[in-house]
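# Fold and contact review
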Amino acid sequence: MQFDGAAAIVTGAGQGIGAALARALAARGARVLVSDLSHELADGVANEIGGVPHDGDLCDPTTIEAMIDLANARFGKVDMLFSNAGFALGEPDGPTSRTDAHWQKSWDLHVIAHLRASRLLLPQMVARGSGVLVNVASAAGVLSQIGDAAYSATKHAAVSLAQSLAIEHANDGVQVSVVCPLYVATPLLGYNDAKAERPDGVITPEAVAEATLLGVDEGRFLIFPHPEAQTYFAQRALDTNRWIAGMQRLRDRVSDQTDESDPASIHRYF
C-alpha cells in the first residue's frame, strides 16, 4: 500500500483515534483532509500536520458533499477514506430507554455517513481501479457493548456495510477494511490525555492508528488493534448461547461498579 503522496480523508480527526490516524498518515507522506464536528479541533490538527481542515456535522449529507468537494479541489482526487467519526452516550436504563432521535443519530453517523461518502468516492476509485475505504467501527461491532444498544447495533451495521462494500468492489480495485478496537484512551472513555495512567487493556489512539495502517497495508478486512478481540469474536461465533450467558454475568457484576451518571464508565465494559 502506497501512503506517500496519497490523498486521504479522516473524519472525527480533531482528537482521539482520528487525530492519531491523521498524524500517522501525514508522517507517511500522505496529504490529509482533517474533518471534525469542531472547527477549532479540525483546524488545530490540520495546522499541525500541514493538512486541510474541514468541519461540520456528518449526519447532514450536504456536509459530506462539501467535504468530498473540498478534498477533490485541494488534492485532485481522494485515494483513501477513513470514516472514524462517532459518538456514544450510553443507556443505563436499558436498550429501550433512549429516544428514536438518539438511535437515528447513531445510525446516521456510524453507518449512513460512511455510505454517503463511499457513494461519492466510489466512481472515481472504480474509474482508476484503486482506492481504500476504511470504517473505524468498534469491537462492539462484532461483540456487544454493555449499556449502549444503539452503539452496538450501529457498529454491527457498520461492519456489515463494510463487508458488503468489500464483496462488491474487490474486482474494481477498491480495498475495504473495518477496524474493531476494544478500549482506547480517548475522550469517549473519559481520557482527555491519552498519556494518562490507564489500566491494562486500554491502548493509546496512536497504537490504534499504527495497527490500522498496518492492517490496510497488509490488505486485511477485519483489523483488531486488540488481538484478544479476535479471540472473543471467534468464541462468540462458536457458541453464542454461552457467550450471551457470560455477558449476562458480566453485566450483573459490573452494574454495581459503574457510575451510571457517567456515560464513559459504561463504555468500559463488553
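The model shown is predicted, which means the values in this text are computed figures rather than measured ones.

What follows concerns helix H3 (residues 61-75). The end-to-end C-alpha separation of H3 is 21 Å, in line with the 21 Å expected for 15 residues at 1.5 Å each. Those residues of H3 that are buried are in contact with strand E1 (7-10), strand E2 (31-36), strand E3 (52-55) and helix H4 (100-128).

Turning our attention to empty space enclosed by the protein. Counted according to the given criterion, the structure contains 1 cavity of 30 Å³ or more. One number sums up the size of the largest cavity: a volume of about 100 Å³. In terms of lining residues, the largest cavity is bounded by 16 residues, among which Thr-11, Ser-83, Leu-109, Ala-113 and His-114 are the most central. Where the lining of the largest cavity is concerned, the elements lending two or more residues are H3, strand E4 (80-83), H4 and strand E5 (131-136). A total of 5 residues in the lining of the largest cavity trace back to one element, the largest contributor, which is H4. Looking at side-chain class alone, the lining of the largest cavity contains 9 nonpolar, 6 polar and 1 charged residues.

Two numbers describe how helix H1 (residues 16-27) lies on helix H2 (residues 39-49): the axes approach to 10 Å, and their chain directions differ by 20°. The angle between H1 and H2 falls in the class roughly parallel. Viewed along their axes, H1 and H2 form a crossing whose handedness is right-handed. In this structure, H1 uses Ala-19, Ala-22, Arg-23 and Ala-26 to contact H2, whose residues at the interface are Val-45, Glu-48 and Ile-49. The class makeup of the residues in the contact of H1 with H2 is 5 nonpolar, no polar and 2 charged.

Turning to the packing of aromatic side chains, a few remarks are in order. Scanning all chains against the criterion turns up 2 aromatic pairs. Residues Phe-224 and Phe-233 carry aromatic rings whose centres are separated by 6.3 Å and whose planes lie at 40° to one another, so their mutual orientation is tilted. Here Phe-224 falls in the buried class, since its relative accessible area comes to 10%. Ring centres of Tyr-232 and Trp-243 lie 6.4 Å apart, and the angle between their planes is 35°; this geometry places the pair in the tilted category. Here the residue Tyr-232 occupies a position in helix H7 (residues 227-238), and Trp-243 occupies one in helix H8 (residues 240-255), the gap between them amounting to 11 residues.

Let's shift gears to the environment of Ala-157. As for its position among the elements, Ala-157 is in helix H5 (residues 149-169). Residue Ala-157 is classed as buried on the basis of its relative accessible area of 17%. Residues Ala-157 and Trp-107 lie 50 residues apart in sequence; the distance between their C-alpha atoms is 8.4 Å. If we ignore the near neighbours within four places in the chain, the residues touching Ala-157 are Trp-107 and Val-111.

A few words now on the packing of H4 against H5. With their axes 8 Å apart at the nearest point, H4 and H5 run at an angle of 15° to one another. Between H4 and H5, the angle falls in the class roughly parallel. Judged by the sense of rotation from one axis to the other, the crossing of H4 with H5 is right-handed. Touching His-102, Trp-103, Ser-106, Trp-107, His-110, Val-111, His-114, Leu-115, Ser-118, Leu-122 and Val-126 of H4 are Ala-149, Ala-150, Tyr-151, Ala-153, Thr-154, Lys-155, Ala-157, Ala-158, Leu-161, Leu-165 and His-169, all from H5.

Burial in H2 covers these residues: Ala-42, Val-45, Ala-46 and Ile-49. The buried residues of H2 all sit within an arc of 100° when viewed along its axis, so they share a single face. Structural note: H2 exposes Glu-40 and Asn-47 on the side pointing more than 90 degrees away from its buried face. The inward-facing, buried residues of H2 abut H1, E2 and E3. Just downstream of H2, Gly-50 is the residue with a positive phi angle, here 70°.

Cut-off values and rules
Residues numbered from 1 in each chain as written. Predicted model: local features only at pLDDT ≥ 70, side-chain atom pairs only at ≥ 80, totals over all residues. Heavy atoms only, no water. Helix = DSSP H or I, 4+ residues; strand = E, 2+ residues; numbered from the N terminus. Expected span 1.5 Å × (residues − 1). Contact = heavy atoms within 4.5 Å. 1 Å grid on protein atoms, 1.4 Å probe; cavity = no way out; pocket = protein on both sides within 12 Å on 5 of 7 lines; lining within 4 Å. Points joined across faces, edges and corners; volume = space filled by probe spheres on them. Nonpolar A, V, L, I, M, F, W, Y, C, P; charged D, E, K, R; others polar. Axes fitted to C-alpha atoms, helices over the stretch in contact; angles between N-to-C directions. Parallel < 35°, antiparallel > 145°, perpendicular 65-115°, else oblique. Left-handed = near helix turned anticlockwise from the far one by under 90°. Phe/Tyr/Trp six-rings, centres within 6.5 Å; stacked < 30°, edge-to-face > 60°. Buried < 20%, exposed > 50% of the residue type's maximum accessible area, 1.4 Å probe, protein only. Arc of directions from axis to C-beta.

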